[in-house]
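Residues per chain, in single letters:
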Amino acid sequence: MQWLRVPGSDDDKRSMGVLGVITGSERYPGAAVLGVEAAWRTGIGMVRLWAPRRVQDLVLARRPETVCHALDEPADGVDAWLLGSGQDARERDPALRSALLEALAAGAPCVVDAGALDLVPGHAGPAVVTPHGRELERILEQLGAPVEADARMRAAAAAAALDAVVVAKGAATHVVEPSGAATTVEAATHRLATAGTGDVLAGMLGALVAANPDATRESERLASIAALGVALHGQAAAAAAEGDRPIAALDVAEHVPAVIAARLER
Ligand SMILES: NC(=O)C1=CN([C@@H]2O[C@H](COP(=O)(O)OP(=O)(O)OC[C@H]3O[C@@H](n4cnc5c(N)ncnc54)[C@H](O)[C@@H]3O)[C@@H](O)[C@H]2O)[C@@H](O)CC1
Ligand SMILES: Nc1ncnc2c1ncn2[C@@H]1O[C@H](COP(=O)(O)OP(=O)(O)O)[C@@H](O)[C@H]1O
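Residues numbered from 1 in each chain as written. Chains lettered and ligands numbered in written order. Predicted model: local features only at pLDDT ≥ 70, side-chain atom pairs only at ≥ 80, totals over all residues. Heavy atoms only, no water.

Within an unreviewed UniProt entry, the label attached to the protein chain reads ADP-dependent (S)-NAD(P)H-hydrate dehydratase, and the organism entered is Agrococcus pavilionensis RW1.

Draft legend 1. Up close: the pattern of salt bridges. Counted according to the given criterion, the structure contains 16 salt bridges. The residue Asp57 makes a salt bridge to Arg53 at a minimum N-O spacing of 3.2 Å. On the criterion of helical spacing, the pair formed by Asp57 and Arg53 is a turn pair, its members being four residues apart in helix α2 (residues 53-62). Asp57 gets classed as partly exposed once you look at its relative accessible area, which sits at 39%. Lys169 is the partner of Asp113 in a salt bridge, and the nearest nitrogen-oxygen pair spans 3.5 Å. In this pair, Asp113 is assigned in the loop between β5 (110-112) and β6 (127-129) and Lys169 in the loop between β7 (165-168) and β8 (172-176), connecting sequence segments 56 residues apart. Residue Asp113 is classed as buried on the basis of its relative accessible area of 2%. Overlapping salt bridges bring together Glu37, Arg41, Arg62, Arg63, Glu65 and Glu254 as one network. (Salt bridge = Lys/Arg side-chain N within 4 Å of Asp/Glu carboxyl O. Helix = DSSP H or I, 4+ residues; strand = E, 2+ residues; numbered from the N terminus. Buried < 20%, exposed > 50% of the residue type's maximum accessible area, 1.4 Å probe, protein only.)

Draft legend 2. Region of interest: the site of ligand 1. Ala31, Gly86, Gln87, His132 and Asp199 are the nearest of the 14 residues found near ligand 1. In isolation ligand 1 exposes 830 Å². Once the protein is present, 50% of that is buried. Of all the secondary structure elements, the ones that give two or more residues to the shell around ligand 1 are α1 (29-42) and α4 (133-143). Residues that form the shell around ligand 1 fall into these classes: four nonpolar, seven polar and three charged. (Near = heavy atom within 4 Å. Areas by Shrake-Rupley, 256 points an atom, 1.4 Å probe, with all protein chains shown as cover. Nonpolar A, V, L, I, M, F, W, Y, C, P; charged D, E, K, R; others polar.)

Draft legend 3. Representation of the site of ligand 2 in the model. Taken together, the neighbourhood of ligand 2 is formed by 17 residues, with Lys169, Gly170, His190, Gly196 and Gly198 sitting nearest. Taking Leu192, its main chain carries an N or O atom lying 3.3 Å from an oxygen atom of ligand 2. Residue Gly196 places a main-chain N or O atom 2.8 Å away from an oxygen atom belonging to ligand 2. Look at ligand 2: alone it shows 580 Å² of surface, and the protein chains cover 76% of it. Split into classes, the residues belonging to the shell around ligand 2 amount to six nonpolar, nine polar and two charged. (Polar contact = N/O pair within 3.5 Å; in protein donor to acceptor, adjacent residues only side chain to side chain.)

Draft legend 4. Representation of the packing of α1 against helix α6 (residues 197-211) within the structure. Between α1 and α6, the shortest axis-to-axis distance is 7 Å and the interhelical angle comes to 40°. Between α1 and α6, the angle is such that the two are oblique. Considering how the two elements wind past one another, α1 and α6 form a crossing that is right-handed. Taken together, the residues of α6 that come into contact with α1 (itself represented by Ala31, Leu34, Gly35, Ala38, Ala39 and Thr42) are Asp199, Val200, Gly203, Met204, Ala207 and Leu208. Looking at the contact of α1 with α6 residue by residue, the class counts come to eight nonpolar, three polar and one charged. (Axes fitted to C-alpha atoms, helices over the stretch in contact; angles between N-to-C directions. Parallel < 35°, antiparallel > 145°, perpendicular 65-115°, else oblique. Left-handed = near helix turned anticlockwise from the far one by under 90°. Contact = heavy atoms within 4.5 Å.)

Draft legend 5. Summary view of the nonpolar core. In terms of nonpolar packing, the biggest core is built from 57 residues, with Leu19, Val128, Val167, Val175 and Val200 touching the most fellow members. Sort the elements by how many residues they give to this core and helix α7 (residues 219-240) lands first, with twelve residues. Counting residues in each nonpolar core, the second largest holds 33 residues, with Cys110, Ala158, Val166 and Val176 among its members. (Core = buried A, V, L, I, M, F, W, Y, C linked by side-chain atoms within 4.5 Å.)

Draft legend 6. View of the UniProt feature "binding site: (6S)-NADPHX" (unreviewed entry) in the protein chain. In the numbering used here, UniProt assigns the "binding site: (6S)-NADPHX" (unreviewed entry) feature to Ala31, Gly86, His132 and Asp199. Within the fold, Ala31 resides in helix α1. What Ala31 contacts, discounting residues up to four positions off in sequence, is Ser85, Gly86 and Asp199. Relative to the helices and strands, His132 is located in the loop between β6 and α4. (UniProt positions renumbered as here; feature names shortened; annotations may be inferred.)

Draft legend 7. Fine view of the packing of α7 against helix α9 (residues 256-265). Packing of α7 against α9 brings their axes to within 8 Å, and their N-to-C directions diverge by 115°. For the element pair α7 and α9, the recorded crossing hand is right-handed. Where α7 abuts α9, its residues Leu228, Ala231, Leu232, Gln235, Ala236 and Ala239 lie against Val256, Val259, Ile260 and Arg263. For the contact of α7 with α9, the per-class residue count stands at eight nonpolar, one polar and one charged.

Next up, the structure:
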């Protein structure tokens, strides 16, 4: 199955992809837990987190596999970055701002969510941005672009202006390339309408991008990776919500491995 890496005898934790993560904050530490959990569950060699101590501690309590760093430690040796979930741009301190900017300028592919979306215009490498409806409006306002009535057209305007793949989230999620080419993924369940599921999606996308870094240089392939992530996220939620039971965001992450295994069997 394209983009779902299966390790072979020559693989090790580095060849399977190293995801660097700068997510979470004192206010929203849980978003880092959700994204890191989702990245591990999607199949990745290593997850490295740069974050404040409280965020590190909570992530390690859930996922001791994660390699943690202070925000001012050198940020290198990663195949891709996941940035911004659980952060608020209005509350960002200088250490976080410079860590995010450094990651965006380094040239590795980046998945950019929530509190780092305002920094995307500085990106050097391939980028996937994951706004919800209000965040997409804010991106267009920041760019001085008209806010179109249609969600897909808004996503296309943002993708062109940012030179990034835009994943415009909602019950229908539009994955749009800078050229305007778009794929729409209908969510497999509306049970996704619960806090933190976007943080889980961002972690899954980060893992898929880090496992396929060379493919991210072409927008069409990067968008294909993003669309796969969105589809797997919806399917994992549907599996968690079987019988229309209520779910919480971590349930979605926990169902990702079974959904991936089912895809690989096809
Ligand atoms: N456990 C956690 O730590 C969680 C942290 N979260 C983080 O909280 C921060 C703020 O998230 P939000 O922007 O959702 O904050 P809010 O819920 O405060 O929403 C901010 C604005 O965006 C609008 N909005 C929120 N979700 C929307 C949607 N799906 N479609 C359209 N408009 C929407 C709201 O109505 C509001 O006007 C982010 O950094 C996010 O990653 C959330 O993901 C929830 C869980
Ligand atoms: N009504 C809905 N039906 C299906 N999926 C939804 C619905 N509402 C939201 N979603 C999905 O749930 C996730 C919510 O992400 P987001 O708005 O960033 O929330 P959070 O910031 O709390 O994580 C996205 O993947 C979005 O596509």
